[in-house]
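Reading the structure
Spelled out, the chains give:
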Amino acid sequence: MTLQQLRYIITTAQKGTISEAAKELFISQPSLSNAIKELEKELGIVIFSRTNKGIIISDEGLEFLGYARQVVEQADLLENRYLQDKVTKKRFSISTQHYSFAVNAFVDLVKKYRDNDYEFMIRETRTHEIIEDVKTLKSEIGILYLNEFNKKVINKLLKENDLVFNKLFDARPHIFVSDTNPLAGKKIVTLEDIEPYPYLSFEQGQYNSFYFSEEILSTMIHQKMIKVSDRATLFNLLIGLDGYTICTGVISEELNGKNIIAIPLDVDEIISIGYIVHKDTIRSNLGQIFIEALKKNTQELL
């Protein structure tokens, strides 16, 4: 097994096809395919399953990919430190459900990092993808919630993938509405109050399980339902359609303005917001800074 083979695997996984990866690597398609097959034979595992539409990463391949990225990143650090006269570019990535406080913390991290060269990534994405990102070390930290309904399923998935959940805070359920919504003047709302209005939620793709929903009470039947894929669209629909979404109630006026407000929802539920990390990895300096920023931002907004 060589570093070059590891780079081949990482690039192929990123591109999704052997042909596109070969172009990126400036080698022939047969050479790349043979190199991957030789490595699979050496390791005794199948990393990629070949289909007519491209490749699919196997479960064994996902695990291997996580380790491969670590090895290649460490090798790059060594090369940049000792073989090149240039500053090492810092890389850091997080994956999160659609929380404005996570964006605030990310902003604080970037402001605190003074070096000129860096490549940071924040992914507001689906629940299952957050878990996959941290499992495969694509992201160092993932942010999601647990409650009585989903915690058995989510905790089982975390345990199977050697991930651990660290609680940041507990919250009572709220709804987000626009300041022009007829409910905006209420100090608290009931399920009956909100039923006439469009219910907005984040779609979860192929893993569209109630347990992966970003909103509690996901099994409830609503007369009017709209699924969206990003936070900006959801907020626009809150304003344009007098819609609502069920949430933690934690919102940043700095990022989202003053026309979205949170109103307590009269239900007997608790939402535990936290971050997940791989149990076998040590937090990087950037990871520690981000976690501290998370704690600071959530304490200020609660």
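In this text, all values refer to a predicted model and were calculated from it rather than measured experimentally.

The rules behind each value
Residues numbered from 1 in each chain as written. Predicted model: local features only at pLDDT ≥ 70, side-chain atom pairs only at ≥ 80, totals over all residues. Heavy atoms only, no water. Pairing = 2+ DSSP bridges. Helix = DSSP H or I, 4+ residues; strand = E, 2+ residues; numbered from the N terminus. Axes fitted to C-alpha atoms, helices over the stretch in contact; angles between N-to-C directions. Salt bridge = Lys/Arg side-chain N within 4 Å of Asp/Glu carboxyl O. Phe/Tyr/Trp six-rings, centres within 6.5 Å; stacked < 30°, edge-to-face > 60°. Buried < 20%, exposed > 50% of the residue type's maximum accessible area, 1.4 Å probe, protein only. Core = buried A, V, L, I, M, F, W, Y, C linked by side-chain atoms within 4.5 Å. pLDDT = per-residue confidence, 0-100. Arc of directions from axis to C-beta. Polar contact = N/O pair within 3.5 Å; in protein donor to acceptor, adjacent residues only side chain to side chain. Patch = residues over 30% accessible without salt bridge, like charges linked within 9 Å, V, L, I, M, F, W, Y side chains within 5 Å. Areas by Shrake-Rupley, 256 points an atom, 1.4 Å probe, with all protein chains shown as cover.

**Topic: the sheet that holds strand β11 (residues 260–264)**
Read from one edge to the other, the open sheet built from 3 strands follows the order β10-β7-β11, with strand pairing classed as antiparallel. Looking at which strands have only one partner, the edges of the open sheet turn out to be β10 (245–247) and β11. For this sheet the average axis-to-axis angle between neighbouring strands, irrespective of direction, equals 40°. Pairing between strand β7 (residues 174–178) and β11: 5 bridges, direction antiparallel. Each residue of the ladder has a partner; that of His174, found in β11, is Pro264.

**Some points on the pattern of salt bridges**
Tallying each qualifying case throughout the model produces 16 salt bridges. Notably, a salt bridge pairs Lys135 with Glu132, separated by 3.8 Å at the nearest N-O pair. Of this pair, Lys135 and Glu132 both sit in helix α6 (residues 127–135), 3 residues apart, roughly one helical turn. Here Asp170 makes a salt bridge to Lys167, at a shortest N to O gap of 3.1 Å.

**Looking at the packing of aromatic side chains**
Taken as a whole and assessed by the stated rule, the structure comprises 11 aromatic pairs. Seen from their ring centres, Tyr99 and Phe101 are 5.0 Å apart, and the 15° between their planes marks the pair as stacked. Residue class for Tyr99 comes out buried when judged on its relative accessible area of 9%. In this structure Phe101 comes out as buried when scored by relative accessible area, which is 0%.

**Details of the nonpolar core**
One finds Phe101, Ile141, Ile143, Ile175 and Phe290 to be the most contacted residues of the largest nonpolar core, which totals 40 residues. Only β3 (90–96), α5 (100–112), β5 (141–146), β6 (163–171), β7, β12 (271–278) and α11 (285–301) provide two or more residues apiece to this core. If you look at the next biggest cluster of nonpolar residues, it comprises 20 residues, including Ile9, Ala22, Leu32 and Ala35.

**Let's talk about the sheet that holds β12**
Taken in spatial order, the 5 strands of this open sheet run β4-β3-β5-β12-β6, and their pairing is mixed. The open sheet has two edge strands with one neighbour each: β4 (118–124) and β6. On average, adjacent strands in this sheet sit at an angle of 20° to one another, irrespective of strand direction. Relative to β12, β6 runs antiparallel, the two being bridged by 8 bridges. Residue Phe169 lies in a different strand from β12, and its bridge partner there is Ile273.

**Digging into unusual backbone geometry**
One non-glycine residue with positive phi stands out, namely Phe26, at about 60°. Of the residues examined, Phe26 reaches a relative accessible area of 76% and is grouped as exposed. Located in the positive-phi region is Asp162, a residue other than glycine, with phi close to 60°. Note that Asp162 resides in the loop between α7 (151–160) and β6.

**Things to note about the confidence of the model for the protein chain**
Of the residues in the protein chain, 93% have a pLDDT of 70 or more, and the chain-wide mean is 87. Taking the mean pLDDT of every element in the protein chain, the minimum, 66, falls on helix α10 (residues 253–256) and the maximum, 96, on β5.

**Considering helix α9 (residues 231–240)**
For α9, every residue scored as buried is listed here: Arg231, Leu234, Phe235 and Leu238. The arc that holds every buried residue of α9, seen down its axis, measures 95°, which confines them to one face. Among the exposed residues of α9, those oriented more than 90 degrees off its buried face are Ala232, Asn236 and Gly240. Where α9 begins, one side-chain oxygen reaches toward the backbone nitrogen of Ala232, 3.2 Å away; that side chain belongs to Asp230. Positive backbone phi, at 55°, marks Asp242, one or two positions downstream of α9.

**Quick look at a nonpolar patch on the surface**
There is a patch of nonpolar side chains on the surface, built from Phe149, Val153, Phe210 and Tyr211 and spanning about 340 Å² of accessible area. When you line up the elements, Phe149 lands in the loop between β5 and α7.

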